[in-house]
Amino acid sequence: MSKINFDECLYFASARVNRIVAKISDDQFKKLGLSSTAAFILMYLDTGDAINPSAIAEELSLDRSTVTRFLDKLQRQGYIERTSQGRSVTVALTKAGLNLQTDLKQMWSTLNDQYIELLGADGEQALRTILNADFDVLKANKG
């Protein structure tokens, strides 16, 4: 039986990198008692406008059910409020959610600085560029 070379598997290679990147991000936002996904949702909501959960899912490339679970938790924490009009639901930051934005933006900046420190500025930019380009291709060809 031949040994499997996991380095030749796109899933394995991307998941391995993602675990490291995700841990760094989670460690950063954990300081506020948030997961990375919850923090990104709160930052996305910082527009001053109420936003539909489907728009959040689309922008952050998350399943709608995942967004709903995170919104439930953020609402319990007092960071967001939902407004329903018929079947339409919108989400907006509460005052507590707005008050977190300065800290979230600072943590975002620190997080990006950490990636640059680990990968070098050129390495971070190259990895981010190729991941974004490949994401666009995969999304367009998803079916």
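Source: prediction; values computed, not measured.

1. Concerning the overall build of the protein chain
Then, in step 1: Of the regular secondary structure elements, the protein chain holds 7 helices and 2 strands.
Then, in step 2: Counting helices and strands in the order they occur from the N terminus, the protein chain gives α-α-α-α-β-β-α-α-α.
Then, in step 3: For the protein chain, with 143 residues in total, the buried portion stands at 25%.
Then, in step 4: Expressed as a percentage of contacts within the protein chain between residues at least 6 apart in sequence, the contacts between residues at least 24 apart total 50%.
Then, in step 5: On the protein chain, roughly 10,000 Å² of surface is accessible, and the fraction owed to carbon and sulfur atoms is 54%.
Then, in step 6: With 17 positive and 18 negative side-chain charges, the protein chain shows a spacing of 8 Å between the two charge centroids.

2. As for the nonpolar core
Then, in step 1: Core analysis: the biggest nonpolar cluster contains 25 residues, and Leu 34 and Leu 42 have the highest contact counts within it.
Then, in step 2: At the level of secondary structure, the elements contributing two or more residues to this core comprise α1 (10–29), α2 (36–44), α3 (53–60), α4 (64–76), β2 (88–93) and α6 (101–119).

3. Things to note about the packing of aromatic side chains
Here the distance between the centres and the angle between the planes together describe a pair of aromatic rings.
Then, in step 1: By the definition in use, this model includes 3 aromatic pairs.
Then, in step 2: Ring geometry for Phe 29 against Phe 40: centres 5.6 Å apart, planes inclined by 80 degrees, an arrangement best described as edge-to-face. Placement of Phe 29 in helix α1 and of Phe 40 in helix α2 is noted, with a sequence separation of 11 residues between them.
Then, in step 3: Site record: aromatic cluster; members linked through ring pairs are Phe 29, Phe 40 and Trp 108.

Criteria and thresholds
Residues numbered from 1 in each chain as written. Predicted model: local features only at pLDDT ≥ 70, side-chain atom pairs only at ≥ 80, totals over all residues. Heavy atoms only, no water. Helix = DSSP H or I, 4+ residues; strand = E, 2+ residues; numbered from the N terminus. Buried < 20%, exposed > 50% of the residue type's maximum accessible area, 1.4 Å probe, protein only. Contact = heavy atoms within 4.5 Å. Areas by Shrake-Rupley, 256 points an atom, 1.4 Å probe, with all protein chains shown as cover. Lys, Arg positive; Asp, Glu negative; His and termini not counted. Charge placed at Lys NZ, Arg CZ, Asp CG, Glu CD. Core = buried A, V, L, I, M, F, W, Y, C linked by side-chain atoms within 4.5 Å. Phe/Tyr/Trp six-rings, centres within 6.5 Å; stacked < 30°, edge-to-face > 60°.

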